[in-house]
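Report on the structure
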Amino acid sequence: MNIRSLTRGDGVVIGAAVVLFIASFLDFKSYDKPACSGEFCPPASLDSYNAWDSLALLMSIYLAGVIAAALIVVSRSMPQQRKIAGIDLGQFGVAFAVFAAWTAFWTIIDGSNSGPGQILGLLAVLILAVGAVAAPLVPALKAPLMPAPKPQVAQPYGGQPGQPGPGGYGYPGAQQPPYGGQPGQPQPYGAQPQPQQGQPQAAQQQAAPAQQAAAPATAAADFAPFWFAVPVARPLYAEDGSPTPIAELAPGTWYLAVEQRGPGLVAQTQDGRRGVLQDTTGIQRG
């Protein structure tokens, strides 16, 4: 399970489930104790009555909401979706949350003398259901719950803190040359070396096609591996071009880009698997 793949919407679901579980221990109904004495008075048990005294209320509202939150969080923290009867665990969780909110709403409408447990439970399960449905849709709720930590740059032996570490392969944050440029040359990608004065114009015209043909090979040879993180979960496809994803890159985790493959990147996961990340928009470089 990857905890850093959870979103703010998942945080709303978890918080609402905790409040819902606490509400199950509070009084479900609020009764005014009548002033009477004798053997004909109502039993004292009417003064204290929570969801755990009614199996139907407990299972259809409170535990249904907690189970829904557990299914949603487990589904979104797993690298691959698990299915039951062809339905994702997250979809089961959303259905459970909507069912619990529906039951809680009509239970409080149909009854009277609602206690703090029933009122707080209704609010919590409504928030849980809204968070479960809106988490994949609202951009603010799709943001990572825990920001991606910056990888620590290794210091050379004897180096002082704050001094730049060694650059090169495997060090996130090291200064990388522009894609397609040579170290020490601030040339943009695709820029050709300027000819020196005095060169014959015919020689320049003959060299231009050869330079254009060699540009892709030079760009691929000059690619420097770097660390990156994705803003949202994105699939990683096999290098042979098959349409089935081999892994899913989760936000909040750093991955190593080892090669440029057209508009995409060949990325390597923590367990050593390599694949092509086709959508590179919005990635964060380390």
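This structure is a prediction, so every number in the text was calculated from the model and none was measured.

About the cut-offs
Counting of residues starts from 1 at the beginning of each chain's written sequence and follows it residue by residue. Only residues with pLDDT of at least 70 are given local features in this predicted model, and only at 80 or more are side-chain atom pairs given and counted; all residues enter the totals for whole chains, interfaces and linings. Hydrogens and water molecules were not included; the side-chain quantities draw on all heavy atoms of the structure. Only one rule defines a salt bridge in this text: a Lys or Arg side-chain nitrogen within 4 Å of an Asp or Glu carboxyl oxygen. Think of it this way: any DSSP run of H or I at least four residues long counts as a helix, any run of E at least two long counts as a strand, and we number them from the N terminus. Under the scheme applied here, a residue whose accessible area is under 20% of the maximum for its type counts as buried, over 50% as exposed, and between as partly exposed, the area being computed with a 1.4 Å probe on protein chains only. Side-chain atoms within 4.5 Å are what join buried Ala, Val, Leu, Ile, Met, Phe, Trp, Tyr and Cys residues into a set we call a nonpolar core. On a range of 0 to 100, pLDDT expresses the predictor's confidence in each residue. Here a residue-residue contact requires only that any non-hydrogen atoms of the pair lie within 4.5 Å.

**What about the pattern of salt bridges?**
One pass over the structure, following the stated rule, counts six salt bridges. For Arg76, the salt bridge is made with Asp10, and the minimal N-O distance between the two is 2.7 Å. You can see Arg76 sitting in helix α2 (residues 55-76) and its partner Asp10 sitting in helix α1 (residues 8-23), a full 66 residues away along the chain. Under the relative-accessibility criterion, Arg76 is labelled partly exposed at 24%.

**Some thoughts on the nonpolar core**
In this structure, Val13, Tyr62, Ala97, Val125 and Leu128 are the most contacted members of the largest nonpolar core, which totals 26 residues. Elements supplying a minimum of two residues to this core: α1, α2, α3 (89-110) and α4 (116-134). No other element matches the eight residues that α2 contributes to this core. Core analysis: the next-biggest nonpolar cluster, separate from the first, contains 13 residues, Phe226, Ala247, Leu249 and Leu265 among them.

**Some points on the confidence of the model for the chain**
Residue-level pLDDT values for the chain average 76, and 66% of them are 70 or greater. Within the model, the stretch residues 154-159 combines pLDDT values under 50 with nine contacts to residues more than four positions away or in other chains. Counted against residues more than four places away or in other chains, residues 186-191, with its pLDDT under 50, gives five contacts.

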